[in-house]
Amino acid sequence: MTSQFIPVEPFDYVVFGGTGDLAERKLIPSLFRRFCDGQIPETSRIIGAARSNMETGEYRTFARKAIDEHAPSDDAGQIAAFMELLHYVAVDALSERGWEELKSLLGKEDKVRAFYLAVGPSIFGPIADRLDQHGMVRDRSRLVIEKPIGKDLKSARELNETIGRHFREDQIFRIDHYLGKETVQNLMALRFANTLYQPVWNASFIDHVQITVAESIGVEGRGSYYDKAGAIRDMMQNHLLQLLCLVAMEPPASIDADAVRDEKLKVLRSLKAIDAGNAAQQTVRGQYKAGASGGEAVPGYLDEVENDLSETESFVALKAEIETWRWAGVPFYLRTGKRLPARVSEIVIEFKPVPHNAFGDAGTDMKANRLILRLQPDEGVSQSIMIKDPGPGGLRLRQVTLDMSFAESFDAHAPDAYERLLLDVIRGNQTLFMRRDEVEAAWRWIDPIIEGWLAAGVKPAKYTAGSWGPTASIALIERDGRTWHEGET
Ligand code: BG6
């Protein structure tokens, strides 16, 4: 791989929730990997901040375990050097405890300072307030937050306003980790660094688009959060809509943050409304019941969230339409769910069939071209085309796939989405982060769907864990004479 590891400038990363699950699984391992590749200068610091009383030494032990588990390395020297970057301060978001210690640790040096809030959204506001009160928000300070950014438009606005009182919009980095995935960035490269696709990227040549984000896991101990959110808030409002925007947006003038985000925003604003009038036709909700995953019996959703009465969906599929010249009449079928048969995320662009069959009987099996962007597992891009079946015996047509797998084509591990995003924060590059108006526009489209479900009594249909969701999801696309893509080509 021809990666270039250009070091970022020295920084201080303060991770609130520094002893939590995200810090352990993603943040510390990702920073360690970037450190190993020489991108993080040794004068940088990573400061864990959390309520527990802990010494820096104990925090380093915690970080060491996180690395052993999630980014194992045999290079003891590098691990030891990375440990020197780590510090810990016990801080309470809701009291005065720890804030002056944090301030004095940060000191007066004018380094880039990033405050990563790996905590529940209810304390985003209190943390931003205290950082400001204690004079820690400076010109080169940045705030990083993750979803859930609200549970509807109103709460998202309130949250954005609260943090906006202390940080300027260009200092706020709203993470959607799907935007850091390699294939997602490749979608931009494919569309805007090749002449091939741009002329056919419209309703004249594209029949429809499918976006699937399937997970085989269940709610995994996050039941109390998930049961209030459901698949539409947890995945559709953010990850799937962001993918849809990248497929559908107009070519931006540059890949600068605002140029890209302006175009994505236009897509969100052009989505045709789904509400009580059409929610039952255009959407499907599902909830898994006991079944099997990876050959093992698994419990149903109600048992996992310990709420027998829950009417939260663990699966959602919908048909979105974009009311623009480019996309009029091209359905975007989106689906996501837990406890599906496999962990597969992909974007399928299905082109229209050729307008005329010049091959007579030999052309009856002609299939429309299909471009598939695989986000996971095995990231890659494939394009199906029709060719002549090789060999004698007359001209017969056959579909083949031009397939590019990143793992096979490039001899390097695809970086975790967080590796890129964490350093983009330091670089001050917001292209792969959501702007306030984007998040709010996404809620503006999602809210009427949720309200429509309530008003029209659309309840989740049961599906067996390990299946592709309720049969209504199959019907949603088959009614239009199309089928979900589930396979190689
Ligand atoms: C998170 C959701 O944003 O994305 C989880 O909250 C989901 O419910 C996860 O499991 C999926 O991310 P990935 O990168 O594993 O596809």
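Residues numbered from 1 in each chain as written. Predicted model: local features only at pLDDT ≥ 70, side-chain atom pairs only at ≥ 80, totals over all residues. Heavy atoms only, no water.

Caption draft 1: Main features of the nonpolar core. Residues F16, F82, L102, Y116, L131, F332 and I347 are the most contacted members of the largest nonpolar core, which totals 146 residues. The biggest single contributor to this core is helix α8 (residues 223-248), with 13 residues. (Core = buried A, V, L, I, M, F, W, Y, C linked by side-chain atoms within 4.5 Å. Buried < 20%, exposed > 50% of the residue type's maximum accessible area, 1.4 Å probe, protein only. Helix = DSSP H or I, 4+ residues; strand = E, 2+ residues; numbered from the N terminus.)

Caption draft 2: Representation of the sheet that holds strand β17 (residues 433-434) in the model. If you trace the seven strands from one edge of the open sheet to the other, you get β3-β2-β1-β4-β5-β6-β17, paired in mixed fashion. The open sheet is flanked by β3 (86-90) and β17, the only strands paired with a single partner. Across the sheet, helix α5 (residues 124-133) lies against β1 (11-16), β4 (112-117) and β5 (141-146), angled at about 155° from β4, the strand it touches most. (Pairing = 2+ DSSP bridges. Contact = heavy atoms within 4.5 Å. Axes fitted to C-alpha atoms, helices over the stretch in contact; angles between N-to-C directions.)

Caption draft 3: Spotlight on helix α14 (residues 436-456). Over its 21 residues, α14 extends 30 Å from the first C-alpha to the last, a length consistent with the 30 Å expected when each residue adds 1.5 Å. Just beyond α14, the residue with positive phi is G457, at close to 65°. (Expected span 1.5 Å × (residues − 1).)

Caption draft 4: Spotlight on the sheet that holds strand β13 (residues 344-351). As summarised here, the arrangement of the nine strands in space is β16-β15-β14-β13-β7-β12-β11-β8-β18, forming an open sheet in which the pairing is mixed. Of all the strands in the sheet, the pair left with one neighbour each is β16 (397-405) and β18 (461-464). Sheet twist, expressed as the average angle between the axes of neighbouring strands with direction ignored, equals 20°. By the bridge criterion, eight bridges tie strand β7 (residues 206-214) to β13 in an arrangement that is antiparallel. From the neighbouring strand, T212 faces β13, where its bridge partner is E346.

Caption draft 5: Summary view of unusual backbone geometry. Here the residue pair K147 and P148 is connected by a cis peptide bond, since its omega of 5° sits within 30 degrees of zero. Relative to the helices and strands, P148 resides in the loop between β5 and α6 (153-164). Cis peptide bonds are those with omega within 30 degrees of zero, and the linkage from Q376 to P377 qualifies with 0°. Examined against the element boundaries, P377 turns out to sit in the loop between β14 (370-376) and β15 (380-388). For E306, which is not glycine, the phi dihedral falls at a positive 50°. In this model, R339 sits at a positive phi of 60°, which is unusual for a non-glycine residue. The exposure class assigned to R339 is buried, which follows from its relative accessible area of 9%.

Caption draft 6: Structural view of the pattern of salt bridges. Scanning the model with the defined rule gives 44 salt bridges in all. One salt bridge in this structure joins R157 and E440, with 3.9 Å as the shortest N-O distance. You can see R157 sitting in helix α6 and its partner E440 sitting in helix α14, a full 283 residues away along the chain. You can call R157 partly exposed: its relative accessible area is 35%. Residue classification places E440 among the buried residues on the basis of a relative accessible area of 8%. (Salt bridge = Lys/Arg side-chain N within 4 Å of Asp/Glu carboxyl O.)

Caption draft 7: Highlighting the environment of R427. Within the secondary structure, R427 sits in helix α13 (residues 417-427). Separated by 418 residues in the primary sequence, R427 and E9 have C-alpha atoms spaced 7.9 Å apart. For R427, the residues in contact, after removing those within four places along its chain, are V8, Q39, R142 and R420. Separated by 2.7 Å, the side chains of R427 and D424 make a polar contact. (Polar contact = N/O pair within 3.5 Å; in protein donor to acceptor, adjacent residues only side chain to side chain.)

Caption draft 8: Here's a closer look at the pairing of β14. Of all the seven residues making up β14, seven are buried; the element is thus mostly covered by neighbouring parts of the structure. Sheet topology note: the β13/β14 ladder contains six bridges and is antiparallel. Its bridge partner lying in β14, S345 is registered against Q376. Connecting the antiparallel pair β14 and β15 is a turn made up of three residues.

Caption draft 9: Geometry of the packing of aromatic side chains. Across all of its chains, the model carries 15 aromatic pairs by this definition. When the centroid spacing of 5.3 Å and the interplanar angle of 70° are considered together, the rings of F32 and F82 count as edge-to-face. With F32 in helix α1 (residues 21-36) and F82 in helix α3 (residues 76-83), this residue pair connects regions lying 50 residues apart in the sequence. The residues F32 and F82 share a single accessibility class, namely buried. Ring centres 6.1 Å apart and planes at 75° place the aromatic pair Y333 and W484 in the edge-to-face group. Pair noted here: Y333 is in strand β12 (residues 332-337) and W484 is in the segment after α15 (471-478), with a separation of 151 residues, a long-range link. By relative accessible area, which is 0% here, Y333 ends up buried. Look at W484 and you get buried, because its relative accessible area is 9%. (Phe/Tyr/Trp six-rings, centres within 6.5 Å; stacked < 30°, edge-to-face > 60°.)

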